[in-house]
Amino acid sequence: MYKQIVLKYNDKLNNKDLLAIKLFNESFKTNEIQLEHDHNQVIVLLRELDINKLQDIYVRFSSYTSKTIFQDLLNSIEQIKSYGIKGKKRNYVDYNKERKVKQRKKKQIKRSQYYYAKENIFTKKENKFPEKYLNQIIVGDSENILNNIPDNCVDLVFTSPPYNFGLDYNKNQDDHYWEDYFSKLFKIFKECIRVTKYGGRIIINIQPLFSDYIPSHHLISNFFIKEKLIWKGEILWEKNNYNCKYTAWGSWKSPSSPYLKYTWEFIEIFCKGDLKKNGNKENIDISADEFKKWVLGKWSIAPEKNMKKYKHPAMFPEELVERVLKLFSYKKDIILDPFNGVGTTSVVSKRLNRKYIGIDISREYCKVAQARIKDLEEKN
Ligand SMILES: C[S@@+](CC[C@H](N)C(=O)[O-])C[C@H]1O[C@@H](n2cnc3c(N)ncnc32)[C@H](O)[C@@H]1O
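Here the structure is a predicted model, which is why all the values come from computation and not from measurement.

Caption draft 1: Spotlight on helix 2 (residues 51-61). Taken together, the buried positions of helix 2 are Ile-51, Leu-54, Ile-57 and Phe-61. Around the axis of helix 2, the buried residues are gathered within 115° of arc, so they sit on the same side. Along helix 2, the residues that are exposed and aim more than 90 degrees away from the buried face are Asp-56, Val-59 and Arg-60. The inward-facing, buried residues of helix 2 contact helix 1 (15-27), strand 4 (48-49), helix 3 (69-78) and strand 6 (89-91). Two or three places before Asn-52, at the start of helix 2, stands the capping residue Asp-50, its side-chain oxygen 3.0 Å from that residue's backbone nitrogen.

Okay, here's the thing in structure tokens:
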């Protein structure tokens, strides 16, 4: 089965055109793309295609014909917005052949989807975000600072809390009794929920401390679910950092207590009140290709390389923030990071024309964040 496109010309196809078509067909497999011809028209039979290869072939063969066949071909294929992606190729047929459930919507209602979040008391009324905190990096304990922000005025929270691994965050040790750690974390997350708008999102990057057998990502998800937020999903951030140790005492080649290794972290996504976030179409900045790639819930992104430069032990990479912001927020939205570190969320928010507020307890980290923002302003 092929997707068919017909290109029509005023003049009959001549020998040069036919030679160009023959050479084109020889460059592709029959399950990729083939051209047929009939009097004054070229019939494109399209199945799956590496668009970069098509562009190369276009450059090589377009001078063989006086007609604009290859230009027209490229343009008409570029205009097709519905396709699947498999490796380097776009797949134009059968890519959405998933098993269809009949009356899907009706059944979802009957099962009571996200039943745990139904009886929330969130209100839709939004408040104005205070000017004095807009586009600011603020030094302080987020629990106190967020107290000054009204309910329902932030569009999206994206953050990576301290993981309680024992890292040295600029003199503040990240090493507490787990119960104290979660109790403090949840106070700050409660404030995040309060300041988030109805329909807004709270997105948390978290790595559990496997060696303590603390499933932080599950405990945090449970917290948000109990607070009646809707769990929208989970992204697995594959860091491919295979340099982790391969043995732990007692684990080598013995079923007594094998120790599992992880090269990824989790990103948990929650919605307040509604799964849908309304916004102006002109404020969408994600491309079709980005959307198709990023809705797959596994992202391969290398860990941040500039941690030494910015003197922070646990930064996330800018690309991670870029994907989260483009996929889950609109331009001009207000983005909060209550554990802002050296300001990656704020810097990317600014670069992507969002507004931001970044809070961190460390004055040193906030200074670095401000310097990064200044650098960005100077570049523009
Ligand atoms: C995992 S790091 C975040 C790094 C950040 N994503 C970046 O790219 O720079 C967690 C941050 O939380 C900060 N922090 C810890 N407790 C805090 C609190 N109560 N209020 C505000 N910030 C806090 C730490 O100083 C640390 O920089």
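Caption draft 2: Representation of the packing of helix 10 (residues 318-328) against helix 11 (residues 344-351) in the model. In the contact formed by helix 10 and helix 11, the axes pass within 9 Å of each other and the chain directions differ by 55°. On the basis of their axis angle, the class for helix 10 and helix 11 is oblique. Considering how the two elements wind past one another, helix 10 and helix 11 form a crossing that is right-handed. Of helix 11, the residues touching helix 10 (which contributes Glu-318, Val-321, Glu-322 and Leu-325) are Thr-344, Thr-345, Val-347, Val-348, Ser-349 and Arg-351. In the contact of helix 10 with helix 11, the residues fall into 4 nonpolar, 3 polar and 3 charged.

Caption draft 3: The arrangement of the sheet that holds strand 5 (residues 84-86) in detail. The strand order across the open sheet built from 3 strands is 4-6-5, with neighbouring strands paired in antiparallel fashion. Every other strand in the sheet has two partners, leaving strand 4 and strand 5 as the edge strands with one partner each.

Caption draft 4: Inspection of the packing of helix 1 against helix 2 at higher detail. Across the interface, helix 1 lies against helix 2 with an axial gap of 11 Å and an inter-helix angle of 150°. Overall, the two elements helix 1 and helix 2 adopt an arrangement that is roughly antiparallel. As helix 1 packs across helix 2, the resulting crossing turns out to be right-handed. Here Leu-23, Phe-24 and Ser-27 of helix 1 come into contact with helix 2, specifically with Lys-53, Leu-54, Ile-57 and Phe-61.

Caption draft 5: Region of interest: the site of the ligand. The full set close to the ligand counts 23 residues, and Ser-142, His-312, Val-342, Thr-344 and Asp-360 are the nearest of them. Within the side chain of Thr-344, one N or O atom sits 2.6 Å away from an oxygen atom of the ligand. Separating a nitrogen atom of the ligand from a backbone N or O atom of Ile-361 is a distance of 3.2 Å. In the complex, the protein chains occlude 95% of the 600 Å² of accessible area that the ligand would expose alone. Classifying every residue of the shell around the ligand by side-chain character gives 12 nonpolar, 8 polar and 3 charged.

Caption draft 6: The arrangement of the sheet that holds strand 1 (residues 3-8) in detail. Taken together, the 3 strands give an open sheet; going across it, the order is 1-3-2, and neighbouring strands pair in antiparallel fashion. The two strands at the open ends of the sheet, each matched to only one other strand, are strand 1 and strand 2 (33-38). Each strand axis lies, on average, 20° off the axis of its neighbour in the sheet, ignoring direction. Here strand 1 pairs with strand 3 (residues 41-46) via 6 bridges, running antiparallel. Within strand 3, the residue paired with Leu-7 across the bridge is Val-42. Across the sheet, helix 1 lies against strand 2 and strand 3, angled at about 160° from strand 2, the strand it touches most. Against the sheet, helix 3 contacts strand 1, strand 2 and strand 3, and its axis sits at roughly 140° relative to strand 1.

Cut-off values and rules
- Residues numbered from 1 in each chain as written.
- Predicted model: local features only at pLDDT ≥ 70, side-chain atom pairs only at ≥ 80, totals over all residues.
- Heavy atoms only, no water.
- Buried < 20%, exposed > 50% of the residue type's maximum accessible area, 1.4 Å probe, protein only.
- Helix = DSSP H or I, 4+ residues; strand = E, 2+ residues; numbered from the N terminus.
- Arc of directions from axis to C-beta.
- Contact = heavy atoms within 4.5 Å.
- Polar contact = N/O pair within 3.5 Å; in protein donor to acceptor, adjacent residues only side chain to side chain.
- Axes fitted to C-alpha atoms, helices over the stretch in contact; angles between N-to-C directions.
- Parallel < 35°, antiparallel > 145°, perpendicular 65-115°, else oblique.
- Left-handed = near helix turned anticlockwise from the far one by under 90°.
- Nonpolar A, V, L, I, M, F, W, Y, C, P; charged D, E, K, R; others polar.
- Pairing = 2+ DSSP bridges.
- Near = heavy atom within 4 Å.
- Areas by Shrake-Rupley, 256 points an atom, 1.4 Å probe, with all protein chains shown as cover.

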